[in-house]
Structures are given as C-alpha cells and as structure tokens.
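Breakdown of the fold
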Amino acid sequence: MYNILLKQLKIKKTIFLLGIFSSLLSTVISLLIPILSKNIIDAVSGKNLSLSSFSNVILLFIFQAAASTVSVVSLSYIGEGIVGGFRIIVWEKIISLRIRYFENNKSGEITSLLVNDTGVIKNFISNKIPSLITSVISLIGAVIILMCIDYKMTLLIFAVFPILLLIVLPMGRKIKHRSQQYQQELSEFTGYANQIISEIKLVKYSNSENYEKKRGTTQLNSLFRIGFNLTKIESLGNSLILLVMTSMLICLLVFGAVRISKQEISTGTLLAFLMYLLQVISPTIIILSFVNQLKSVQGASKRVIDLLELDVEDLSKGQEINIENQPLKFKNVNFEYDYGINVLKDVSFEVQPKHTVAFVGPSGAGKTTIFGLIERFYDLKEGDILFGNHSILDVPIKNLRSQVGYVSQENSLLSGTIYDNLIYGLRFSVSENQCIQALSQSCALEFVNLLPKGIHTNIGEKGTKLSGGEKQRIAIARAFLRSPKILLLDEATANLDSSSEEVVQQALKNLMRERMTLIIAHRLSTVIDADKIIFIENGQITGEGKHLELIKSHSLYKEYVESQFMNVKESQSYS
Ligand SMILES: Nc1ncnc2c1ncn2[C@@H]1O[C@H](COP(=O)(O)OP(=O)(O)O)[C@@H](O)[C@H]1O
Ligand SMILES: [Mg+2]
C-alpha cells in the first residue's frame, strides 16, 4: 500500500517541494524570532532599543505566517490528491476481484471498506502527515539552536525523552488493536444495516421491527464503547505527555533562575531559551501523537491492505478465439467452491454447435455451477473445458464472456431507463431502432410502448417498477443486442406465472434459434425439444440422451419427470 501512496506522491513533486520549502522557511523564521526578541530584551535592559529591530520582528512574523499558510495548503493539497487517487485504486481493485470475494463478503461491508476505511487513511494523510513534516523540521531546528544557546539546559530536556517513549509505545499498541476492532465493527454494522434496508419488506411481514431495532442498537452501542475507549486512551496519553513536559519546564525555570542569579546567563537568554523550548514542546506532542495516529491507521487500514493484496481477474490474458461453430467439451471436470466439498465430480459431456442441451436434475445437483464455470466465474480444480481445441483457460475472459449470453431466473437490471439497461456494457454503439428491434424479438415491445416514456421510462432500482415477466423480456432483449454465440438459460422462466411464461418462452425460442444453447430446464416441453438431455445428480452425470431414450433407460429420470413436472399424463403421452 505504501508503494502505491508513494507513486502518487511522485506525480505532484513540485507542489510537494513547494510545501516542504515553505515549511522550512516558516520554521527558520520562527526560529529567528526568539533570537531577535532576546536582543530586544537585552537592549531594553541596556537601554539602547532601536525602532528598526522592533519592526524587523513584526515583519518576520508576517513573513512566517505567509510561509506557513503556503506550506499547509500545498501539503494538504498533496494529501487530498493522494487520497483521491487511493480511493480510485481501491475501487478499481474491488471491481476486478473474483466473484468468490463478493460471495464471501457482504456488500455493505465492502462499501464500508471503500468509504470508511479509506476515510481513516485520508484523514491521516491530509491532516496528520503535513503537520508531522513541519513539526520535525521545527523540532530539529529548535534543538540545534538550544544546544548553541546553552547545552547544559538542553541536555536536561533530553532526559525526559525516554520517559515519553515509555508512555507512548504501549499506548500505541493498544490503540492499533482498538482501531482495528472499531473498523471491523463499523463495517459489520454497515453490512448489517445495508442488508436490513434492502430486505425491509421481509422485516415488515415478519413483524421483526423490534427485533431489528434491538440488534442494531446492540451493535451501535458496542461501536460507541470501542470508540469511546479509543478516545480515552488517546486523551490519557496526551495528558501524561503534557504533564511530563510541564514538569520539565518548571525544572528548567528554576535551573535558569539559579544561573541568572549566578550571572552565568542573561535574562534575555533564559527568555529566548524558554521560547525555543515552547517550539520543542508543541512539535514533540504532535510527533508523539502522530505515533499513536500511525498505529491507529495501521489498525484501520489492515483491511484495505489485505484487500489490495488479493488476486484479481486477468480479463485479457490469452489468445482471442471465435467460439461460434465450435463444439463445447467438458473433460473430467472436478470443482469445489469450498475446500473439501466436491460440487462437480468427473463431469464430461459434449455439445455440438447449434444444438440445445437441457440439464435436468434435483436442486443443488450442480447445474448452475456448470454455467458459472463456462463463464469463468470460478476456476476449475481439475479437468478442462474446451471450445473446439481451445481450453477456455487460454481464452481471454473478456473475449469469452462477450460471446456468451446468460439469462437466469433473477435477472439483474440497473436503475435507469430501459434504454440504459439495454446498452449497458456494449462496446459498440447501437441505435434506438436496433433496441426497438431487439425488444420486438424478445416480445417486449408491446408493453414497452405502453409505458409513459416508452424505451426511456425509468424502471427504478433493480427494475422494481416492472413485473417479473417484463424484466425477463428486457434481459432477453439485452441478449439479442449482444447476439451471443452461445446461450446459457438458467431456469429463465421459473419465476413467472403461466401467461407471462408463455410470452417469455416465445422470446427465448427466438433467441435460441441458430445458437448453441445450454438450458437448465424446469419445463417438460423444453426438455423434450432438446437435442440432448443431461441428467445430473449430486455433482455427477448419471444419464445422457434424448427424452425417450432416457425415459426407458434411466429410472430416476423417469421418476423425476413424473414427479417434478407434476403432469404425469403429459409425460406419458410423450413416452
Ligand atoms: N457460491 C457458492 N458457494 C458455495 N457453495 C455453493 C455456491 N453455489 C452453489 N453452491 C453449492 O453447490 C451445490 C450445487 O449448486 P448449484 O450448482 O447452484 O445447484 P443447482 O443449480 O443444480 O440447483 C449446492 O450444494 C450448493 O449448495
Ligand atoms: Mg440452479
């Protein structure tokens, strides 16, 4: 992560240098002021004060203020720039992660990582680092001058540094741990809230409002406790540091007074010394609290760092091919989502170009998983999937996915208009006429024309303003526009009532024409029309053939057809 941040830094080198330079300038001036004041005071005591030395000091004050403003502004600009770029990097990373990541993490938690965790880093970089830089510069300058003025008293100051470290280091460890915990809880809460809000209907019809109120409150309270604890540790530490520093100041005052009385130093010298001392104290506090902040950011940013280390999908690696007119082959495919649980076991089958293959089998058998593998949502464990002689592992994922059309029972639509949804992700431009043609092929034009703004009607988040059948037909129209080389239909009409099922079925038939189609069937007529049926149970293929062959040879298939399609007569009349 630090490499990434540093890379961003290089881009804005000039502004960064300006920031550092003006910060140096401002520090040097502020270091000059006590010396000049010393001269004024000694002059007052010697009664030979001149007006010019007085106005010089005021001029320097003005200069210093200007330089320090320039430095703060430019360093913060750098900070903000780095952070902005950093969020973009995190966002791009998230988008390119594999599907598995999104299945294992709640969407709200991922959002929280993108917004909250990077926010912590942002605060740190744009506020804390600039003040650290100026503090270090002024601390070094002040210490050097102090040594020149009076090394004995300066050594006294150094004596307190080990004490300060004893306070700060153990505190830092606690803070790191706590803030990691805080960020974790915050993200869990965001994930939880996100889920409840998006499933609010379920909450309402289950009468679970009170239950969810309590669950949320518990989480928020625990968040409050951790946050409060963190502040307590920090402020306790800061008070201790201040206490040590003040004690040192008093010791120095006494020591200085003794030396004045012995006439070893002048009053002006002691005063200058004390002014420099102030210039040591405040940067020291800033630097020490920076150590704590650093720990806190390390804790909070652990999740971001973990994220940045994850593997991403390489979308363009491999040799592009055209999968049209190539047979699809599964060769001894083994696959598991989670270690040790084999979901597909030694699955082999072949689909000829332009053929339709229906997958039939109990729920949980692994049918959808087969589709996921063709789309390369997941990586195979063993075996191979080929188009012709090309393993899909050697085809760029982007190239592969652009040739595969996927229609499932729950099709995702985005908020926006129908037109937006149709053209989403297309790499070539399509005219409105082409969209209308696609809608007509997918039997959707009729209802779209009835909408107030036709194709430009807004369909709400996830397309909630449309019915299930209508959404499905929009999804099919999208597939038409892409004209995929092969089609994957995953129970595409399963959620529909019979009248809309009929229309969608017709739309699908249009789409399937002249294309290799793999279809997960839940309807007998699809099964009967297929060129081949593959019966799959528990991750294994146990039967393959035409409907009539399977009815004869595969007793489980026969049983399954009879029970699953609930229409014994229909199946018998075909057999
Ligand atoms: N994303 C996933 N992560 C882990 N296990 C999964 C995932 N998707 C499906 N499974 C499991 O894999 C098996 C096959 O699922 P699936 O292919 O969806 O079955 P089908 O489509 O035949 O109903 C099931 O036991 C299911 O629990
Ligand atoms: Mg399924």
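Here the structure is shown first, and the text comes after it.
It should be emphasised that the depicted structure is a prediction, and the values quoted were computed from it without experimental measurement. (Residues numbered from 1 in each chain as written. Chains lettered and ligands numbered in written order. Predicted model: local features only at pLDDT ≥ 70, side-chain atom pairs only at ≥ 80, totals over all residues. Heavy atoms only, no water.)

What to know about the side chain of aspartate 490
You can see aspartate 490 is positioned in strand β7 (residues 486-490). No salt bridge is formed by the buried aspartate 490. Its closest oppositely charged neighbour is lysine 367, at 7.2 Å. The residues touching aspartate 490, leaving out its near neighbours within four places in the chain, are Thr368, Phe371, Tyr406, Val407, Ser408, Gln409 and Ile520. (Helix = DSSP H or I, 4+ residues; strand = E, 2+ residues; numbered from the N terminus. Buried < 20%, exposed > 50% of the residue type's maximum accessible area, 1.4 Å probe, protein only. Lys, Arg positive; Asp, Glu negative; His and termini not counted. Salt bridge = Lys/Arg side-chain N within 4 Å of Asp/Glu carboxyl O. Contact = heavy atoms within 4.5 Å.)

Some points on the packing of aromatic side chains
Under the definition given, this model contains 13 aromatic pairs. For the ring pair phenylalanine 224 and phenylalanine 228, a centre distance of 6.0 Å and an interplane angle of 10° mean the geometry is stacked. Placement of both phenylalanine 224 and phenylalanine 228 in helix α9 (residues 209-261) is noted, with a separation of four residues, approximately one turn of the helix. Taking relative accessible area as the criterion, phenylalanine 224 reaches 57% and is therefore assigned exposed. (Phe/Tyr/Trp six-rings, centres within 6.5 Å; stacked < 30°, edge-to-face > 60°.)

Things to note about the site of ligand 1
The local shell around ligand 1 holds 13 residues, among which Gly364, Gly366, Lys367, Thr368 and Thr369 are the closest. Within the side chain of arginine 100, a nitrogen or oxygen atom sits 3.2 Å from a nitrogen atom of ligand 1. Protein burial of ligand 1: of its 560 Å² of free accessible surface, 63% is covered by the chains. The dominant element in the shell around ligand 1, judged by the number of residues it contributes, is helix α11 (residues 367-374), at three residues. Looking at the shell around ligand 1, its residues break down into four nonpolar, five polar and four charged. (Near = heavy atom within 4 Å. Polar contact = N/O pair within 3.5 Å; in protein donor to acceptor, adjacent residues only side chain to side chain. Areas by Shrake-Rupley, 256 points an atom, 1.4 Å probe, with all protein chains shown as cover. Nonpolar A, V, L, I, M, F, W, Y, C, P; charged D, E, K, R; others polar.)

So, the sheet that holds strand β1 (residues 328-336)
Pairing is antiparallel across the open sheet formed by four strands, whose spatial order is β2-β1-β4-β5. Lying at the two open borders of the sheet, with one neighbouring strand each, are β2 (342-351) and β5 (390-391). Taken together, the two bridges between strand β4 (residues 382-387) and β5 define a ladder with antiparallel strand orientation. Along β5, the bridge assignment pairs phenylalanine 387 with histidine 390. Sitting on the sheet, α11 touches β1, β2 and β4, and the angle it makes with β1 is about 110°. (Pairing = 2+ DSSP bridges. Axes fitted to C-alpha atoms, helices over the stretch in contact; angles between N-to-C directions.)

Quick word on empty space enclosed by the protein
A complete count under the given rule lists two cavities of 30 Å³ or more for this structure. Approximately 80 Å³ is the volume found for the largest cavity. Contributing to the lining of the largest cavity are Leu489, Glu491, Ala492, Thr493, Gln505, Leu508, Ile519, Ile520, Ala521, His522, Arg523 and Thr526. Breaking the lining of the largest cavity down by element, the ones donating at least two residues are α17 (498-512) and β8 (516-520). Estimated volume of the second largest cavity: approximately 40 Å³. Forming the walls of the second largest cavity are Leu373, Arg376, Tyr378, Asp379, Leu380, Ile385, Ile392 and Leu393. Of the residues assigned to the lining of the second largest cavity, the class counts are six nonpolar, no polar and two charged. (1 Å grid on protein atoms, 1.4 Å probe; cavity = no way out; pocket = protein on both sides within 12 Å on 5 of 7 lines; lining within 4 Å. Points joined across faces, edges and corners; volume = space filled by probe spheres on them.)

Focus on the sheet that holds β8
Taken in spatial order, the six strands of this open sheet run β6-β7-β8-β3-β9-β10, and their pairing is mixed. A strand with exactly one partner marks an edge of an open sheet, and here the two such strands are β6 (404-408) and β10 (540-545). Averaged over all pairs of adjacent strands, the angle between strand axes in this sheet comes to 15°, irrespective of strand direction. Bridge analysis of strand β3 (residues 356-360) against strand β9 (residues 532-537) gives four bridges, and the strand direction is parallel. If you follow alanine 358 over to β9, its bridge partner there is isoleucine 533. On top of the sheet, helix α20 (residues 555-564) reaches β3 and β9; it is set at about 95° to β9, its chief contact.

Describing the packing of helix α6 (residues 151-159) against α9
Packing of α6 against α9 leaves a shortest axis separation of 10 Å and a crossing angle of 160°. Overall, the two elements α6 and α9 adopt an arrangement that is roughly antiparallel. Crossing handedness for the pair α6 and α9: right-handed. Facing α6, whose interface residues are Lys152, Met153, Leu156 and Ile157, α9 presents Met248, Leu252, Phe255, Gly256 and Arg259. Partitioning the contact of α6 with α9 into residue classes produces six nonpolar, one polar and two charged. (Parallel < 35°, antiparallel > 145°, perpendicular 65-115°, else oblique. Left-handed = near helix turned anticlockwise from the far one by under 90°.)

A short note on the environment of alanine 257
Summarising the element assignment, alanine 257 is placed in helix α9. Overall, the relative accessible area of 43% leaves alanine 257 in the partly exposed class. C-alpha of alanine 257 to C-alpha of valine 430: the two residues are 173 residues apart in sequence and 87 Å apart in space.

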